[in-house]
Amino acid sequence: MNGKIACQVLREKGVYRLYHANTVRTACTFLRNGGLLSRAYVERHGLDQTPQTSDEKDVALGVFDDVFFDSVDIHERGHRLNDYGPVSFVYDVRLLEDCPGDSVWVTRDNPIRWRRGMGEAERYFVTEDELRDGFKFGEFCQHITLRRPEGPVPFARLKKIVLDYPGNEARPLFEAAFEELKRLVAECGADALVVGRKCSEPCACRDAYAQCAKEVLYEKFGF
């Protein structure tokens, strides 16, 4: 779908920000390389990223080379951890206007529930009218994707980077990650703030982080 059309429809639906969540380790790779990268791009170029449980299926479904966004902050809206990581890159939705050709696609459902053999019209909204009729603000399963970007998705439209606070016991991990993200943002010249997440009540994230083993916390916050 044309990015300008997708942006217009999403703004009509109340979408003004796009969110990409990941681990600190993968986020640092993005910042060192000038933008968000598909998992396939990182793999092809021998860069560093945290493995994801969806990788094998994403390869089979042909979306391993796409960059995924949510239309809402899942942590904030769902009052829970985002499974993909504690770092959220927050973009202005007008990023889509900058995308070439028909590179913007919006899923009807999360690819984890796609079946092999499904056609594009079953997986995505393929026309402006379908997107306008079928997209629902706040649906976690409907993702905005940039299909097979040739390189990094630049930081020109990046507004801020939000880092979860995992609780006082893991404060050293948080502080080290926070400082590294700030350092890399300054180094790459992105005009964006790095901020710690301030959860509203009730949020289950602190309890979830408290129950994480040390190696799991390091996988999320280590770099």
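## Considerations on the sheet that holds strand 2 (residues 67-69)
Working step 1: Spatially, four strands are ordered 2-6-4-5 in an open sheet, and the strand pairing comes out antiparallel. Every interior strand has two partners, whereas the edge strands, strand 2 and strand 5 (124-125), have only one.
Working step 2: Relative to strand 6 (residues 144-146), strand 2 runs antiparallel, the two being bridged by three bridges. Counted as the bridge partner of Phe-68 is Thr-145 from strand 6.

## Description of the nonpolar core
Working step 1: Membership of the largest hydrophobic core comes to 55 residues, with the highest contact counts inside it found for Phe-89 and Leu-96.
Working step 2: Setting aside residues no more than four positions away along its own chain, Leu-96 makes contact with Gly-3, Lys-4, Ala-6, Cys-7, Leu-10, Leu-18, Val-104, Ile-144 and Leu-146.
Working step 3: Formed by six residues, the second largest nonpolar core is a distinct cluster that contains Leu-61, Trp-114, Met-118 and Tyr-124.

## Focus: the side chain of Arg-147
Working step 1: Position of Arg-147 among the secondary structure elements: in the loop between strand 6 and strand 7 (158-163).
Working step 2: Given a relative accessible area of 17%, Arg-147 falls into the buried group.
Working step 3: Looking at Arg-147, its side chain comes within polar contact range of the side chain of Glu-120, at 2.9 Å.
Working step 4: One polar contact links Arg-147 to Tyr-124, side chain to side chain, over a distance of 3.4 Å.
Working step 5: What Arg-147 contacts, discounting residues up to four positions off in sequence, is Asp-66, Ser-103, Trp-105, Glu-120 and Tyr-124.

## Quick word on the layout of surface pockets
The gaps left among the atoms become clear once a water-sized probe is rolled over them.
Working step 1: Of the volumes computed, that of the largest pocket is approximately 930 Å³.
Working step 2: In terms of lining residues, the largest pocket is bounded by 42 residues, among which Gln-52, Ser-54, Asn-82, Asp-83 and Tyr-84 are the most central.
Working step 3: Looking at the lining of the largest pocket, the elements with two or more residues in it are strand 1 (17-22), helix 2 (24-32), helix 4 (55-61), strand 2 and helix 10 (214-221).
Working step 4: Broken down by element, the residue count for the lining of the largest pocket peaks at four residues, all from strand 1.
Working step 5: Each residue belonging to the lining of the largest pocket can be placed in one class, and the counts come to 18 nonpolar, 14 polar and 10 charged.

Conventions we followed
- Residues numbered from 1 in each chain as written.
- Predicted model: local features only at pLDDT ≥ 70, side-chain atom pairs only at ≥ 80, totals over all residues.
- Heavy atoms only, no water.
- Pairing = 2+ DSSP bridges.
- Helix = DSSP H or I, 4+ residues; strand = E, 2+ residues; numbered from the N terminus.
- Core = buried A, V, L, I, M, F, W, Y, C linked by side-chain atoms within 4.5 Å.
- Buried < 20%, exposed > 50% of the residue type's maximum accessible area, 1.4 Å probe, protein only.
- Contact = heavy atoms within 4.5 Å.
- Polar contact = N/O pair within 3.5 Å; in protein donor to acceptor, adjacent residues only side chain to side chain.
- 1 Å grid on protein atoms, 1.4 Å probe; cavity = no way out; pocket = protein on both sides within 12 Å on 5 of 7 lines; lining within 4 Å.
- Points joined across faces, edges and corners; volume = space filled by probe spheres on them.
- Nonpolar A, V, L, I, M, F, W, Y, C, P; charged D, E, K, R; others polar.

Nothing here speaks to function; it is all geometry.
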